[in-house]
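# What the coordinates show
Here is how the chains run, residue by residue.
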Protein chains: 2
Amino acid sequence: MTSSATNQKWLDQVKWDEQGLVPAIAQETGTGKVLMMAWMNRQALALTVKEKHAVYWSRSRQKLWHKGEESGHVQLVQEIRLDCDNDVILLIVEQQGGIACHTGRHNCFYQRLENDHWQAVEPVLKEADQIYGKKHE
Amino acid sequence: MTSSATNQKWLDQVKWDEQGLVPAIAQETGTGKVLMMAWMNRQALALTVKEKHAVYWSRSRQKLWHKGEESGHVQLVQEIRLDCDNDVILLIVEQQGGIACHTGRHNCFYQRLENDHWQAVEPVLKEADQIYGKKHE
């Protein structure tokens, strides 16, 4: 990635926060399901556009995270939207493998508030050790 | 609002950030459209549950923000979800007036990336001065 690739007006127009990040929501094309929310820095967004798959910034690992790099659950990006305040990104994606969540569920929002507790309401489609191998058990 | 109302286990389980906030995504029931993303603190989430309409924390105004309090564009909350990391909320809402965005558009994600520029692709359904009155012009 050359520096010129991240030196563009449309990237300047995004209001990066004090850590240089913005929230990025991934929504599945077709179903319309909200799959997950993660974070992007300038380079992650530029790479997402260039490579046409979702690239996030992992705050826990402090590195670029090509979604699906270990699991194969790549998100092919169809469309990129920016909100009215220029500080939230919405990706419309095709979710490879039909699994966005590291827990093996279709999406990350599987806990529903029911009478003052969070109830898991989405099935695990694939166990984590099958997705990532034994090292992640 | 009594202190006991915000002193609950399900609220403790949310991973509030260093400012005591989490991102909250509002998705419209029926259409499945992602309307907006805003922020909630503990009290905003407790009030959202209690009053069954979306209450956010306005970072710019540093106060609770009952969505629609000025515009009438209240979000009636049907369902509340929490993600796998317990740090992002998803609201399934009925958007009163069919307008979520302060610009008078259906939703806030009206800018689409097209050939290295952000293009507004959603119509203004109602002008801001009609929504908020002349003082907001």
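Please read all numbers here as calculations on a predicted model, not as lab measurements.

## Focus: the environment of D87 of chain A
All names here are of chain A. The topology assignment puts D87 in the loop between β5 (75-82) and β6 (89-95). Its 15 C-beta neighbours within 10 Å are what place D87 among the partly exposed residues. Separated by 20 residues in the primary sequence, D87 and N107 have C-alpha atoms spaced 23 Å apart. Not counting residues up to four positions away in its chain, the partners in contact with D87 are K15 and V22.

## Considering the interface of chain A and chain B
Listed as interface residues are 31 residues of chain A and, on the opposing side, 31 residues of chain B. Those elements giving two or more residues to the side of chain A that touches chain B turn out to be β1 (21-28), β2 (34-41), β5, β7 (111-114) and β8 (117-120) of chain A. In terms of residue count, the dominant contributor to the side of chain A that touches chain B is β5 of chain A (four residues). For the side of chain A that touches chain B, the class distribution of residues is 18 nonpolar, eight polar and five charged. Taken together, the two bridges between β5 of chain A and strand β7 (residues 111-114) of chain B define a ladder with antiparallel strand orientation.

## What to know about the relation of the copies chain A and chain B
Superposing chain A onto chain B requires a rotation of 180° together with a translation of 0.0 Å along the rotation axis, leaving an RMSD of 0.0 Å. Put plainly, the chains are arranged around a two-fold axis. Of the C-alpha atoms belonging to chain A, the one lying closest to the rotation axis is found on G32 of chain A, 2.8 Å away.

## Some words on the pairing of β1 of chain A
All names here are of chain A. Extensive coverage of β1 is indicated by the burial of six of its eight residues. In this sheet, β2 lies alongside β1 in antiparallel orientation, the contact comprising seven bridges. Note that in β2 the partner of Q27 across the bridge is V34. Here β1 folds back onto β2 in antiparallel fashion, the turn holding five residues, of which G30 has a positive phi close to 85°. Pairing of β1 with β6, which is carried by five bridges, proceeds in the parallel orientation. When the sheet's bridge partners are listed, E28 is paired in β6 with V93.

Rules behind the numbers
- Residues numbered from 1 in each chain as written.
- Chains lettered and ligands numbered in written order.
- Predicted model: local features only at pLDDT ≥ 70, side-chain atom pairs only at ≥ 80, totals over all residues.
- Helix = DSSP H or I, 4+ residues; strand = E, 2+ residues; numbered from the N terminus.
- Buried ≥ 20, exposed ≤ 12 C-beta atoms within 10 Å, placed from the backbone.
- Contact = placed C-beta atoms within 7 Å.
- Nonpolar A, V, L, I, M, F, W, Y, C, P; charged D, E, K, R; others polar.
- Pairing = 2+ DSSP bridges.
- Least-squares fit on C-alpha atoms with pLDDT ≥ 70 in both.

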